[in-house]
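Examination of the molecular architecture
What follows is the residue order along each chain.
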Amino acid sequence: MSAAAIHVRDLHVAYGSVIALSGVTLDLAPGSVTGLVGMNGSGKSTLFSALIGMLPGARGEIRLLGKDPAAARTAGLVAFVPQTEVIDRDFPISVREVVMLGRFGHLGFTRRPRATDRAAVAAALERVGLTELADRPIGALSGGQRKRAFVARGIVQDARVLLLDEPFGGVDAVSQTLITGVLRELRDEGRSLLVATHDLAGIPDLCDEVILLNKRILFHGDPATALRPENLALTFGVAP
Ligand SMILES: Nc1ncnc2c1ncn2[C@@H]1O[C@H](COP(=O)(O)OP(=O)(O)OP(=O)(O)O)[C@@H](O)[C@H]1O
Ligand SMILES: [Mg+2]
């Protein structure tokens, strides 16, 4: 059995005739933050969908802590923060309740929160700077505030593997610094994080490793080398 937290071998994904991922192979260690970088349409979100077992047509091998994606999710080993989350403006659920959903996971909605659940939710809200807004309806938050609420929901899941698809999208600089600190703490606790980001400037602070993606893996290694102009030119077509 592989010691990798995230283990992918020769993953291929196509949507009809559109090839989204081709021959992706990677191993991510426990206790590491890996940045996933690539231009729009390069397959980042597709990789996350495959890792959570949402792409039945994906070919290749995926193991999360030695389990297939569905088993890993059922066992509560994986938390996923999606790139976009569709929320009705009038959805009658508070920010605190949204984050609490992360605690219920597979136990169902009927379970009553215990003191430890409430404490974990309060701590996560504090960590993303949303304590003041905890009792607002989720639909009454701005886009960046809402993003932070979903990051908090991912944090309280207490998962060994965290998959975050652009957690900084639309988030302001202060909140980004807060969230970066939280993600590093989670890493220091031995968790494995894969984080898609378009914020190249934030990478040295956040990441132990970087994957440059354009349907296939162009580079996987240390952040300083990833950010060299020739590698960025390879990834984005022109140096950004
Ligand atoms: N459900 C789908 N049906 C058909 N094509 C899709 C579908 N989802 C994604 N694609 C295509 O697959 C490719 C990869 O998309 P993906 O969403 O994984 O990119 P991404 O790297 O996450 O981009 P972004 O930075 O914009 O979030 C794109 O060409 C996209 O148009
Ligand atoms: Mg995406």
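Identification of the protein chain as Metal ABC transporter ATP-binding protein from Mycetocola lacteus is taken from an unreviewed UniProt entry. Regarding the protein chain, the relevant UniProt record gives this comment under Sequence similarities (unreviewed entry): "Belongs to the ABC transporter superfamily."

Description of unusual backbone geometry
In the Ramachandran plot, aspartate 10 falls in the positive-phi region, its phi being about 50 degrees despite a non-glycine side chain. Examined against the element boundaries, aspartate 10 turns out to sit in strand 1 (residues 6-15). Of the residues examined, aspartate 10 reaches a relative accessible area of 44% and is grouped as partly exposed. Here the phi dihedral of leucine 65 falls at roughly 50 degrees; this positive angle occurs in a residue that is not glycine. Within the secondary structure, leucine 65 sits in the loop between strand 4 (59-64) and helix 2 (69-74).

Side note on the coordination of the magnesium ion (ligand 2)
Within the protein, the magnesium ion (ligand 2) binds to Ser45 (OG) and Gln83 (OE1); these donor distances fall in the range 2.1 to 2.2 Å. Of this pair, serine 45 sits in helix 1 (residues 44-51) while glutamine 83 sits in the loop between strand 5 (78-81) and helix 3 (95-104), placing them 38 residues apart in sequence. Taking the relative accessible area as the measure of exposure, serine 45 reaches 29% and is therefore partly exposed. Glutamine 83 sits in the partly exposed class, given a relative accessible area of 35%.

Comments concerning the site of ligand 1
Lining the immediate environment of ligand 1, one finds 13 residues, of which Gly41, Lys44, Ser45, Thr46 and Gln83 sit closest. At 2.9 Å from an oxygen atom of ligand 1 is found a main-chain nitrogen or oxygen belonging to serine 45. The contact in question runs from an oxygen atom of ligand 1 to an N or O atom on the side chain of histidine 198, over 3.1 Å. For ligand 1, whose free accessible area comes to 640 Å², the fraction covered by protein is 61%. Examining the composition of the shell around ligand 1, we find that three residues originate from one element, helix 1, more than from any other. Residues of the shell around ligand 1, tallied by class, amount to three nonpolar, eight polar and two charged.

A closer look at the nonpolar core
Grouped together as the largest cluster of nonpolar side chains are 46 residues, with contacts concentrated most on Ile138, Leu183, Leu193 and Val195. By residue number, the principal contributor to this core is helix 5 (residues 143-156), which donates six residues. For leucine 193, the contacting residues outside a window of four places in its chain are Ser32, Val33, Thr34, Leu162, Leu164, Leu183, Leu186 and Arg187. If you look at the next biggest cluster of nonpolar residues, it comprises 29 residues, including Leu21, Val24, Val78 and Val161.

A word on the environment of arginine 118
With respect to the helices and strands, the residue arginine 118 is situated in helix 4 (residues 115-127). In sequence terms arginine 118 and arginine 96 are 22 residues apart; their C-alpha atoms lie 9.1 Å from each other.

Some remarks on the packing of helix 3 against helix 4
Running from N to C, helix 3 and helix 4 point in directions that differ by 120 degrees, and their axes come no closer than 9 Å. Compared by their axis directions, helix 3 and helix 4 come out oblique. In the packing of helix 3 onto helix 4, the handedness of the crossing is right-handed. Facing Val95, Arg96, Val99, Met100 and Arg103 of helix 3, the residues of helix 4 in contact are Thr116, Asp117, Arg118, Ala120, Val121 and Leu125. Here the contact of helix 3 with helix 4 is built from residues that sort into six nonpolar, one polar and four charged.

About the criteria used
Residues numbered from 1 in each chain as written. Chains lettered and ligands numbered in written order. Predicted model: local features only at pLDDT ≥ 70, side-chain atom pairs only at ≥ 80, totals over all residues. Heavy atoms only, no water. UniProt positions renumbered as here; feature names shortened; annotations may be inferred. Helix = DSSP H or I, 4+ residues; strand = E, 2+ residues; numbered from the N terminus. Buried < 20%, exposed > 50% of the residue type's maximum accessible area, 1.4 Å probe, protein only. Donors = N, O, S within 2.8 Å, 3.2 Å for Na, K, Ca; no water. Near = heavy atom within 4 Å. Polar contact = N/O pair within 3.5 Å; in protein donor to acceptor, adjacent residues only side chain to side chain. Areas by Shrake-Rupley, 256 points an atom, 1.4 Å probe, with all protein chains shown as cover. Nonpolar A, V, L, I, M, F, W, Y, C, P; charged D, E, K, R; others polar. Core = buried A, V, L, I, M, F, W, Y, C linked by side-chain atoms within 4.5 Å. Contact = heavy atoms within 4.5 Å. Axes fitted to C-alpha atoms, helices over the stretch in contact; angles between N-to-C directions. Parallel < 35°, antiparallel > 145°, perpendicular 65-115°, else oblique. Left-handed = near helix turned anticlockwise from the far one by under 90°.

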